[in-house]
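# Structure at a glance
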Amino acid sequence: MSANDYNDDGWQPVTRLGRKVQEGDIDTMEAALNSGLPLKEPELVDQLLPGLEDEVLDINMVQRMTDSGRRVKFRCVVVVGNRDGYVGYAEGRDDQVGSAIQKAIGIAKLNMIKVPRGSGSWEDRSDRPHSLTRRTKGKAGSVEVEVIPAPEGLGLAASDTVRAVLELAGIENAWTKSHGNTRTTVNLAKATFNALENASQSRHPGGLREGSERAESDVEAEVSEQ
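The notes below deal with the structure included here. Keep in mind that this is a model prediction, so the values were computed, not measured.

### A look at the sheet that holds strand β7 (residues 136-140)
On the basis of which strands lie adjacent, the open sheet formed by four strands has the order β7-β8-β10-β9 and mixed pairing. Edge positions in the sheet fall to β7 and β9 (156-157), since each of these pairs with one other strand and no more. Bridge count for β7 against strand β8 (residues 143-149) is five bridges, and the pairing is antiparallel. Pairing of Thr136 across the sheet is with Val147, part of β8. The sheet strands contacting helix α7 (residues 185-199) are β7, β8 and β10 (174-179), and the helix crosses β7 at an angle near 140 degrees.

Structure follows, in structure tokens:
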């Protein structure tokens, strides 16, 4: 997808941040994240980060009893990233699998963070940003994940779910530790993303954005004038 696809399709930004991106006042994702303005339009992420990749980590059927009977929805866990320092995570729910995936992708774009990459291992002498700058931890439910900088050439010592999140973030070398019920994909993926978000905390004045805790209703609601 090219950076201008959404303009070609007639994307009309409805937030201050969206207008600044379309007008060229903000032309990088880092500037958008540091602007202090809420990120509420997935289209501007596509414009600032063309070529984003996404991966579906888990699809699960969720059943709920209502007054009208049993209601079935699908929950999809998705991670998006450009393999160069930017990654987002989200869960999406819908009656159809395809719609749940698309919803999760859209929310994940709104949860985009910049990961502080570097060569934080004392064993490493590389000047290339292939790992993290320091160790970091993240927690979700009973699962805790720790990501530790590793020297170049080690690769990713991680499970498939953790590896998927780190790869899309552009982390090539790292040790990882995980504790808790790691068979629960949603918590394992979320804990990994939270670890990366914690590592990036110092890069965002005023603390972390809402990140992966953003309520689905906030995304579905009509965006108000900022």
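### Some words on unusual backbone geometry
Here the phi dihedral of Arg83 falls at roughly 60 degrees; this positive angle occurs in a residue that is not glycine. By secondary structure assignment, the location of Arg83 is in the loop between β2 (69-81) and β3 (86-94).

### Remarks on the environment of Ala189
Mapped onto the elements of the fold, Ala189 is located in helix α7. Judged by relative accessible area, which is 0%, Ala189 ranks as buried. Distance in space between the C-alpha atoms of Ala189 and Ala140 is 8.6 Å, their sequence separation being 49 residues. Apart from residues no more than four positions distant in its own chain, Ala189 is found in contact with Leu57, Val77, Tyr89, Thr161 and Val165.

### Considerations on α7
Given a rise of 1.5 Å per residue, 15 residues ought to cover 21 Å, and the 21 Å separating the end C-alpha atoms of α7 matches this to within 8%. Of all 15 residues making up α7, 13 are buried, and the element is well covered by its neighbours.

### Re the packing of helix α6 (residues 160-169) against α7
The geometry of α6 relative to α7 is characterised by a closest axis approach of 9 Å and an angle of 35 degrees between their N-to-C directions. α6 and α7 meet at a crossing whose hand is right-handed. Contacts from Thr161, Val162, Val165, Leu166 and Ala169 of α6 reach α7 at Thr185, Leu188, Ala189, Thr192, Phe193 and Leu196. In terms of residue class, the contact of α6 with α7 is made up of eight nonpolar, three polar and no charged.

### Focus on the pairing of strand β1 (residues 53-66)
As judged from the 13 bridges shared by β1 and β2, these two strands associate in the antiparallel manner. Counted as the bridge partner of Ile59 is Cys76 from β2. Hairpin geometry of β1 and β2 is characterised by an intervening segment of two residues between the two adjacent antiparallel strands.

### Observations regarding the nonpolar core
Formed by 28 residues in total, the largest nonpolar core has its most connected members in Leu57, Val87, Val115, Val147, Leu166, Ile171 and Leu196. Elements with a contribution of two residues or more to this core: β2, β3, β8, α6 and α7. Looking at which element gives the most residues to this core, the answer is α7, with seven residues. Each of domain 1 (16-114) and domain 2 (117-205) gives at least three residues to this core. Excluding residues within four positions of it along the chain, Leu196 makes contact with Val87, Ile113, Val115, Leu132, Val165, Leu166 and Ala169. Counting 27 residues, the second largest nonpolar core, distinct from the first, contains Ile26, Met29, Leu33 and Ala100.

Rules and cut-offs
- Residues numbered from 1 in each chain as written.
- Predicted model: local features only at pLDDT ≥ 70, side-chain atom pairs only at ≥ 80, totals over all residues.
- Heavy atoms only, no water.
- Pairing = 2+ DSSP bridges.
- Helix = DSSP H or I, 4+ residues; strand = E, 2+ residues; numbered from the N terminus.
- Contact = heavy atoms within 4.5 Å.
- Axes fitted to C-alpha atoms, helices over the stretch in contact; angles between N-to-C directions.
- Buried < 20%, exposed > 50% of the residue type's maximum accessible area, 1.4 Å probe, protein only.
- Expected span 1.5 Å × (residues − 1).
- Left-handed = near helix turned anticlockwise from the far one by under 90°.
- Nonpolar A, V, L, I, M, F, W, Y, C, P; charged D, E, K, R; others polar.
- Core = buried A, V, L, I, M, F, W, Y, C linked by side-chain atoms within 4.5 Å.
- Domains from an automatic or database assignment.

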